[in-house]
There are 4 protein chains.
Amino acid sequence: MNTFGKKLTLTTFGESHGKALGCILDGVPAGLAIDEAFIQSELDRRKPGKNKLETSRKEADQVEILSGVFEGLSTGTPIAMVIFNTNQKSKDYDNVKDLFRPGHADFTYFHKYGLRDYRGGGRSSARETAARVAGGAIAKLMLKTLGIEIQSGVCEVDGIKANTVDFNHAKHSEMNALDPEAERAQVEAILTAKNNHDSVGGVVLTAATGVPVGLGEPLYYKLDAVLAEAMMGINAAKAVEIGDGVASTHLKGSQNNDQITPDGFKSNHAGGILGGISNGDTIVVKTHFKPTPSIFQEQETITTHNEAVTCNLKGRHDPCVAIRGAVVCEAMMALTLADMTLLNMGKKMEHLTTIYKG
Amino acid sequence: MNTFGKKLTLTTFGESHGKALGCILDGVPAGLAIDEAFIQSELDRRKPGKNKLETSRKEADQVEILSGVFEGLSTGTPIAMVIFNTNQKSKDYDNVKDLFRPGHADFTYFHKYGLRDYRGGGRSSARETAARVAGGAIAKLMLKTLGIEIQSGVCEVDGIKANTVDFNHAKHSEMNALDPEAERAQVEAILTAKNNHDSVGGVVLTAATGVPVGLGEPLYYKLDAVLAEAMMGINAAKAVEIGDGVASTHLKGSQNNDQITPDGFKSNHAGGILGGISNGDTIVVKTHFKPTPSIFQEQETITTHNEAVTCNLKGRHDPCVAIRGAVVCEAMMALTLADMTLLNMGKKMEHLTTIYKG
Amino acid sequence: MNTFGKKLTLTTFGESHGKALGCILDGVPAGLAIDEAFIQSELDRRKPGKNKLETSRKEADQVEILSGVFEGLSTGTPIAMVIFNTNQKSKDYDNVKDLFRPGHADFTYFHKYGLRDYRGGGRSSARETAARVAGGAIAKLMLKTLGIEIQSGVCEVDGIKANTVDFNHAKHSEMNALDPEAERAQVEAILTAKNNHDSVGGVVLTAATGVPVGLGEPLYYKLDAVLAEAMMGINAAKAVEIGDGVASTHLKGSQNNDQITPDGFKSNHAGGILGGISNGDTIVVKTHFKPTPSIFQEQETITTHNEAVTCNLKGRHDPCVAIRGAVVCEAMMALTLADMTLLNMGKKMEHLTTIYKG
Amino acid sequence: MNTFGKKLTLTTFGESHGKALGCILDGVPAGLAIDEAFIQSELDRRKPGKNKLETSRKEADQVEILSGVFEGLSTGTPIAMVIFNTNQKSKDYDNVKDLFRPGHADFTYFHKYGLRDYRGGGRSSARETAARVAGGAIAKLMLKTLGIEIQSGVCEVDGIKANTVDFNHAKHSEMNALDPEAERAQVEAILTAKNNHDSVGGVVLTAATGVPVGLGEPLYYKLDAVLAEAMMGINAAKAVEIGDGVASTHLKGSQNNDQITPDGFKSNHAGGILGGISNGDTIVVKTHFKPTPSIFQEQETITTHNEAVTCNLKGRHDPCVAIRGAVVCEAMMALTLADMTLLNMGKKMEHLTTIYKG
């Protein structure tokens, strides 16, 4: 239940304000060069407090590998990684100890488990996504050896849409913006919301290039279905689109079908997936994030004893979670594709004879 | 890979034009009254050829239970169900034997497996969803004993949106329309496309009421994430929304948060799920279906030997797959919720002491 | 819970006296020639009533493939197989309807599920092993293409041990005896027990040759551990040994270690497995079967209402289940090794580069 | 592949001489009091260097809980535990860096993964069982609330069998001996082997009392089959018996059947399991451990380049691994039973109505 994937499995642990969080990544093939600096750099992309668009909360997010790597190479055994918590201010949460923050998981965790770790949301905190990013970084290293690359960026904020998709721009944008033109208005929307003690939603576009034909396991582990699960499982995600997604619903079949030529598909409405299997074209997924539920306005709520009370949050929070969500989307896509890459092996008898009989 | 669920598992088999298709539903608690007539009635809702909006292809879809039921009750052992194929016209597919139909899985199956059953799409055919409906029907029977009800309807066709959600109307509408007002324009759009040898997209809204608080297994088997996987895995699905979904992206946090009172949530933007766990409110999911890829216009494609060729389809196909997709969405939601109901047992120590120590 | 294996999965269904039993074998690589006559011949080896050492009960055990095979080749989709029940005499069980047969699963099924299908043991009947043999036959076909062969025989009956292991003799022996010398005494022990309305235990030795080095997934899906589960899960099995097993407990380390030379291991006390991974030597497993619990002597038991009653069985039963158990042991070893063969793919990065980058 | 269990899952990581080893235990119900001192005391029972019968190697085996526990109670989220390695002497292994120790997993790991962590066996070291014991300790706490108790002891060493089963004696015996009479000869056999630079085998008997009727999931997650997998997966295990095991093979059916009275079973040849499901009687399992492969005599072996070489081991090793194996057997039985306890919930419809409808 805390494990993602089937052959490459990420099992995570840890609460927002516990001793540590981390993961076990199992199924990494032996002989992969593990670039620890790269893993840390991915965590640095995710960590908060880098600029005014993000929470001012600082987290070191220093990752340590405990197992599974020997002399710089993966050994085929489980890779455990841990991030010790350092800058946790549990006191920020004393005033929400006995009440349920609207838009948060407080209510449901309390009723499901009969108790909850109220400090910073406990297990339900987006802080857990650091473990996903650590695991995703190794998945990226594995995919890179096969020529697969994953990129992302924010394509919409508060209803302001990007008109271009410029991954290089996103890499240097403090809000991971895909469209330099739209970026100004998007930044302004974020800052306005922040000043109003409010928050805004946003959309992340994630893409993978170099994906071979054949990844995805029909019928109940389809590539698009698993990507949908992967993305919808990220904190605050409320919708997932594959390829043209919602827009394809408005087209006729004659417009939406990607016709085929000896040189490849003439278009990519499908987002690189047909019948749940990659078709060799770019994989495109959009993930919609709701506005951050932690806002600094008075809200109605109840206590754990079902008494009406006013909720006044303290603490430090991102006004738009989509920004830091982008690197998490990349991690989830990387984990999905790496898993699918492994699962696909052995789908034809010739795979077996190649490996076992040379 | 052909199994859905963790504790209630549906494993399906069968190709469009093979001898039979069917499923094994494992994990049904012992002592559930199995109403075979209800299962058949669900299959009848899904089967094609009921009216002019659907393919004229007739399929009996007569289901037979082979195991797991004794004297009208589930025994706790696997329930196998089979539907023998009767009206399959393999000849309709002779002309597509060596080419890839645009928008279909032909290309990806051929490359993944090195061969394909070309008759009617083989395993990739939506005909397989009959097995989902059979399994979903038993899940519904199980949920009903707990007071959980699932309903659905078409809320959009070719961009024409429903303004009301009337499940009772949908039950008697030949296109499962949720809005009697919008229905006329929607039907016209479908028929126009059909006359133009084309097809249209559509959106299905599925809802569950009576769901207890606490269903959903964080962090990697969240209720919303699994619903996303369940729906995105249905043939032709391209986007999934939970609750307000895409629309919530355009709201401020102060607008989107569902505030809480001693009598319950003041709104349901969340679609009944917080932190991946049901909050007791109505579960709402929207599934977007692309226009049917089988159209009767000339399309460019290639053969299995990578030669350019024109694709001219024969056969009989739905102009809007969302219509019959509605009952499949219900089945997938039922299977998901029934699985979550079982998985949630044992989440608190008091569950164990109640069951084992009375 | 009714599924064996991780990448090659066998899911079975069916009760002794229901309409049918069968299985879905999922994960078979595409392009394997499916020899239906061979599958049937394996079922014929298992079916009862072939000679005086077995139950006189006749079962046709005619297997039918419903899916997953097209033009003689596996397509990579689930292979469903069904065996319709034909010679079931439910009346034989009318007198045990309300009581628990000693040594059988009646008591535990009734209490676990709150009801039971009492006809012939229902799901707990060894009749279900027909589905294992059908699945195992396809696993054997797959293994054969890689040069792996599985054989078995009875090495002990009623304490009378074989001194030689002659698989060829077993093939033609009506009791699958491995030792022609011991066979006479073993047959006599069986017939004596049968005449006394009693039964005897026996031991099956199963071996696999041609197994490549490297099969088995440490640490919780080790080859020896999974073989132990596979064998112990067969009806009436009470002990499993790997290689020298119990005997190795009586040796010193200096006697039991298999020393290594450039030409291979000097001995095979280990039974071909080190650290849960195959070492290239012959895999050897012994499975101990208790005496058949169905005997025709009066036994004390209780009714479902906990009243003391005398149990007098009718029907037709094998006096020594190990005999027909041998082919089931082969099937379980074949399924295990085929699964391990698939799981091992992708354990080194060079596997991935070979498959994906040629 | 490094995960044991289905609903209560133990995922372990770590190598003998890496930074740390540990585990994530997922699925523990919320609200269980986590007694850290008890967990540590279980690790202390397993840790080496306590007396002359064990290796003189000292390992602190100090366990630290990183997550999943709040204010002394389990929260329902994953419980991560870590043990940092402190007394590892990698230099002891410099001389075996390029050769394969007979009886060890060196050969198979090297060939499976293309490389190996040679220090102390790396992942294949029995040191990993510390993580099992930590997880098993929490499983024991959970089982204890349901009245289930697990005990063990050594019932045979070097062929010298115990005639009595005295768990209380075992608790205070430095070799966990079940029979005070046999203990003297058993100790002598161990010390003689040690003086001869050799090792001996042994057998552990593990038992569970207070187990409710109904645990075990037929047909492919039977209680006996999973116990067999659990025990056979422990380092050096070569045979597993349930109940009378091998001895039951030598009985007639009339002797081996456990007859039933209104007060319970008249005997327990079955070891508390019928048809893969617990019958309420004591669960009894015997695990046979081969003699320690690490001996201090010259042995033939080969290098990683397939050259003949003499193996001369250094380091510190147990002369009889069964002794410390006993606490590991207990842990594996506890994990198995706790998993089965959770899986059994929801097997009857009345379980669901009890939990969800009060």
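Residues numbered from 1 in each chain as written. Chains lettered and ligands numbered in written order. Predicted model: local features only at pLDDT ≥ 70, side-chain atom pairs only at ≥ 80, totals over all residues. Heavy atoms only, no water.

1. Side note on the packing of helix H6 (residues 223-232) of chain C against helix H8 (residues 321-343) of chain C
Residues and elements named next belong to chain C.
And step 1. Packing of H6 against H8 brings their axes to within 9 Å, and their N-to-C directions diverge by 145 degrees. Relative to H8, the crossing made by H6 is right-handed. Touching Leu223, Val226, Leu227, Ala230 and Met231 of H6 are Cys329, Met332, Met333, Thr336, Leu337 and Met340, all from H8.
And step 2. Residues belonging to the contact of H6 with H8 are distributed by class as follows: ten nonpolar, one polar and no charged. (Axes fitted to C-alpha atoms, helices over the stretch in contact; angles between N-to-C directions. Helix = DSSP H or I, 4+ residues; strand = E, 2+ residues; numbered from the N terminus. Left-handed = near helix turned anticlockwise from the far one by under 90°. Contact = heavy atoms within 4.5 Å. Nonpolar A, V, L, I, M, F, W, Y, C, P; charged D, E, K, R; others polar.)

2. Observations concerning the side chain of Ser125(A)
All names here are of chain A.
And step 1. Here Ser125 is to be found in the loop between helix H2 (106-113) and helix H3 (129-144).
And step 2. With relative accessibility at 14%, the residue Ser125 sits in the buried group.
And step 3. There is a polar contact of 2.9 Å between the side chain of Ser125 and the backbone nitrogen of Arg127.
And step 4. Beyond its immediate stretch of four places on either side in the chain, Ser125 contacts Ser16, Gly120 and Asn235. (Buried < 20%, exposed > 50% of the residue type's maximum accessible area, 1.4 Å probe, protein only. Polar contact = N/O pair within 3.5 Å; in protein donor to acceptor, adjacent residues only side chain to side chain.)

3. What about the pattern of salt bridges?
And step 1. Using the criterion set out here, one finds 80 salt bridges over all chains in the structure.
And step 2. Across the pair Asp106(A) and Arg101(A) runs a salt bridge whose closest N-O atoms are separated by 2.8 Å. For the pair formed by Asp106(A) and Arg101(A), the shared burial category is buried.
And step 3. Among the salt bridges present, the one from Glu42(C) reaches Arg45(C), with a minimum N-O distance of 3.1 Å. Here Glu42(C) and its partner Arg45(C) are both found in helix H1 (residues 36-46), three residues apart, which amounts to about one turn of the helix. (Salt bridge = Lys/Arg side-chain N within 4 Å of Asp/Glu carboxyl O.)

4. Regarding the sheet that holds strand S3 (residues 20-26) of chain D
Residue and element names in this part refer to chain D.
And step 1. Strand order in the open sheet formed by five strands is S1-S2-S3-S7-S4, with antiparallel pairing between adjacent strands. Strands with a single pairing partner mark the edges of an open sheet, and in this sheet they are strand S1 (3-4) and strand S4 (63-65).
And step 2. By the bridge criterion, two bridges tie S1 to strand S2 (residues 9-14) in an arrangement that is antiparallel. Residue Thr3 lies in a different strand from S2, and its bridge partner there is Thr11. (Pairing = 2+ DSSP bridges.)

So far we have only geometry, and geometry alone does not tell us how the molecule works.
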